[in-house]
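Now for the letters of each chain:
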Amino acid sequence: MKKIEITDLAGEEIGISYISSAISQLVSDFGGEVHEGSVGDRLKIVILCPEKYYDLYKSEVEDKIADVIAVKYKYDFIKSRMRTIGLTPYENEILKTAIISADVDADKRYVMRKLKAFNGFAIDGIYNFRLQPLKNKWKEVISYIPFFFTGSQLCDFVAFVLGEKRGKKVFIEGDYVYDMNFNRLKRSNLISSSPDVVKEALLSPCSSVEVVKAVSSREEKELKRFFGKRVIFLNESLSKTVDKKN
């Protein structure tokens, strides 16, 4: 067995749980062990994996740590520095989510290049001492966000972000969002305390959405508002077809 250790500061349980959950699936498929715990003021994950699958496990660890930094850490960075008025609390959350989404894949690639040099991972240390250029980029992006932001401007910004993503689709089934390979997407868990399919779809690589199982009336309203013609409600289309036949 080979060992991989991941640590972060106490208070970062969301990110640690996100990583641990992903690795637990690998353990289920390929064997090994994953343990969460704490040492002093630090949270810790210890992964024991079969040696022949070490590269696979390490690659998944790097991918999920990159998610934590490109989504959770960036969300906290934006929240602590960005000040806007004119939006409702939920609209403000969508604005932060859209800012993250606009560069999430590029941010992840940058982080993953930095992670290749490590065999053990202190997430906060890597973030604080190895990613200053990335934080400078985030700071510059925030400087472009107007202090007064309207709902209409927010819709335009979300449409712009979605327009930069090409050809991919996600599927929404109730509280769950899946990619085209039917993998469940969970990035919004890093910034939301409860399931939010609008944020999840926005954080995905998608340019369009198909809702195959009913969502809440609020989520339906927000999906229509922010995704416009990029969202299709299959259950709605089927019901309209039935109505026409009758």
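Up top is the structure.
All residue numbers refer to position in the chain's written sequence, counted from 1. Thresholds applied to this predicted model are a pLDDT of at least 70 for local features of residues and 80 or more for the giving and counting of side-chain atom pairs; totals over whole chains, interfaces and linings are not thresholded and use all residues. Hydrogens are left out, water is left out, and the side-chain values use all remaining heavy atoms of the structure.

Chemist: So what about the packing of helix H2 (residues 54-81) against helix H4 (residues 123-130)? Which residues, and what values?
Modeler: Contact geometry of H2 with H4 gives a least axis separation of 11 Å together with a crossing angle of 65 degrees. Between H2 and H4, the angle is such that the two are roughly perpendicular. Here H2 and H4 pass one another in a crossing that is right-handed. On H4, the residues that touch Ile-65, Ile-69, Tyr-73 and Phe-77 of H2 are Ile-123, Asp-124 and Tyr-127. Across the contact of H2 with H4, the residue classes tally to 6 nonpolar, no polar and 1 charged. Fitting a line to C-alpha atoms yields each axis, with helices limited to the stretch in contact; the angle taken between N-to-C directions then spans 0 to 180 degrees. Numbering of helices and strands runs from the N terminus, with a helix taken as a DSSP run of H or I at least four residues long and a strand as a DSSP run of E at least two residues long. The labels follow the angle: roughly parallel below 35 degrees, roughly antiparallel above 145, roughly perpendicular from 65 to 115, and oblique for the rest. If you view the pair so one helix is near and one far, a crossing is left-handed when the near helix is turned anticlockwise from the far one by less than a right angle, and right-handed when it is turned clockwise. Any two residues whose heavy atoms approach within 4.5 Å at even a single point are treated as in contact. Amino acids are sorted into nonpolar (Ala, Val, Leu, Ile, Met, Phe, Trp, Tyr, Cys and Pro), charged (Asp, Glu, Lys and Arg) and polar (every other residue, Gly among them).

Chemist: Give me a positive patch on the surface: which residues, what numbers.
Modeler: Like-charged residues within 9 Å of one another, or nonpolar side chains (Val, Leu, Ile, Met, Phe, Trp, Tyr) within 5 Å, are grouped into patches, provided each residue has over 30% relative accessible area and no salt bridge. Residue-level accessible areas treat just the shown protein chains as cover; the underlying method is Shrake-Rupley with a 1.4 Å probe. One speaks of a salt bridge when a side-chain nitrogen belonging to Lys or Arg is within 4 Å of a carboxyl oxygen belonging to Asp or Glu. Counted as positive: Lys and Arg. Counted as negative: Asp and Glu, with His and the chain ends omitted from the count. Taken as the charge location is NZ of Lys, CZ of Arg, CG of Asp or CD of Glu. On the surface, a cluster of positive charge is contributed by Arg-109, Arg-113, Lys-114 and Arg-130. By residue number, the principal contributor to the positive patch is helix H3 (residues 89-115), which donates 3 residues. Note that Arg-130 resides in helix H4. The classification of residues rests on relative accessible area computed with a 1.4 Å probe and restricted to protein chains. Under 20% of the type maximum is buried, over 50% is exposed, and intermediate values are partly exposed. On the accessibility criterion, Arg-130 (46% relative accessible area) is partly exposed.

Chemist: Account for the pairing of strand S3 (residues 42-49), naming residues and giving values.
Modeler: Every regular strand shows the same layout, with side chains that alternate between the two sheet faces. A pair of strands is labelled paired if DSSP reports no fewer than 2 bridges between them. In the sheet, strand S1 (residues 2-9) pairs with S3 via 8 bridges, with the strands oriented antiparallel. By the bridge assignment for S3, Lys-2 is matched with Cys-49. Across 7 bridges, the pairing between strand S2 (residues 33-39) and S3 is antiparallel. Bridge pairing links Val-34 to Ile-47 in S3. The hairpin formed by S2 and S3 contains 2 residues between the paired strands, and Gly-40 there has a positive phi angle of roughly 60 degrees.

Chemist: Hey, could you go over the nonpolar core for me, with residue numbers and the actual values?
Modeler: Buried residues of nine kinds, namely Ala, Val, Leu, Ile, Met, Phe, Trp, Tyr and Cys, make up a nonpolar core once their side-chain atoms join them within 4.5 Å. Residues Ile-6, Ile-65, Ile-69, Phe-121, Val-209, Leu-223 and Phe-227 are the most contacted members of the largest nonpolar core, which totals 71 residues. The dominant element in this core, judged by the number of residues it contributes, is H2, at 13 residues. Discounting chain neighbours no more than four positions away, the residues touching Ile-6 are Ile-19, Leu-43, Lys-44, Ile-45, Ile-47, Val-61, Ile-65, Phe-121 and Ile-123.

Chemist: Residues and numbers for the packing of aromatic side chains, please.
Modeler: Any two of the Phe, Tyr and Trp rings considered here, Trp counted by its six-membered ring, make a pair once their centres fall within 6.5 Å; the pair's planes then place it as stacked at under 30 degrees, edge-to-face at over 60, or tilted in between. With the rule as written, the count across this model stands at 6 aromatic pairs. For the ring pair Phe-77 and Trp-138, a centre distance of 5.5 Å and an interplane angle of 65 degrees mean the geometry is edge-to-face. With Phe-77 in helix H2 and Trp-138 in helix H5 (residues 132-143), this residue pair connects regions lying 61 residues apart in the sequence. As far as the burial class goes, Phe-77 and Trp-138 line up, both buried. Ring geometry for Phe-171 against Phe-182: centres 6.2 Å apart, planes inclined by 20 degrees, an arrangement best described as stacked. Pair noted here: Phe-171 is in strand S5 (residues 169-173) and Phe-182 is in the loop between strand S6 (176-178) and helix H7 (197-203), with a separation of 11 residues, a long-range link.

Chemist: Describe in detail the sheet that holds S1, supporting the description with residues and values.
Modeler: Within a beta sheet, neighbouring strands are joined by backbone hydrogen bonds and run either parallel or antiparallel to one another. If you trace the 4 strands from one edge of the open sheet to the other, you get S2-S3-S1-S4, paired in mixed fashion. The outermost strands of the open sheet, each flanked by one partner alone, are S2 and strand S4 (121-122). Seen against the sheet, helix H1 (residues 13-30) touches S1, S2 and S3 and runs at an angle of roughly 160 degrees to S2. H2 rests against S1, S3 and S4 of the sheet, and its axis sits at about 10 degrees to S1.

Chemist: Account for the sheet that holds strand S7 (residues 208-213), naming residues and giving values.
Modeler: One open sheet holds the 4 strands; their spatial order is S6-S5-S7-S8, and the pairing between them is mixed. The sheet is open, and its two edges are formed by S6 and strand S8 (231-233), each paired on a single side. Shown here is a sheet whose adjacent strand axes are inclined to one another by a mean of 20 degrees, direction ignored. Each of S5, S7 and S8 touches helix H8 (residues 217-227); the most contacted strand, S8, lies at about 145 degrees to it.

Chemist: Explain the pairing of S1 residue by residue, including any values.
Modeler: Across 2 bridges, S1 lies against S4 in parallel orientation. If you follow Ile-6 over to S4, its bridge partner there is Phe-121.

Chemist: Lay out a nonpolar patch on the surface in plain terms, naming residues and giving numbers.
Modeler: On the surface, Ile-85, Phe-147 and Phe-148 cluster together into a nonpolar patch covering about 320 Å² of accessible area. Here Phe-147 lies in the loop between H5 and helix H6 (151-163).

Chemist: Can you break down the pattern of salt bridges residue by residue, with the values?
Modeler: In the structure shown here, the tally under the stated rule is 23 salt bridges. Lys-72 is the salt-bridge partner of Glu-12, the closest N and O atoms lying 3.2 Å from each other. Here Lys-72 lies in helix H2 and Glu-12 lies in the loop between S1 and H1, a separation of 60 residues in the sequence. In terms of burial, Glu-12 and Lys-72 fall into one category: buried. Close ionic contact of Asp-196 with Arg-218 constitutes a salt bridge, the shortest N to O distance being 3.7 Å. Of this pair, Asp-196 sits in the loop between S6 and H7 while Arg-218 sits in helix H8; the two residues are 22 residues apart in sequence, bridging distant segments of the chain. According to the relative accessible area criterion, Asp-196 is buried, its value standing at 6%. Using a relative accessible area of 35% as the deciding quantity, one classes Arg-218 as partly exposed.

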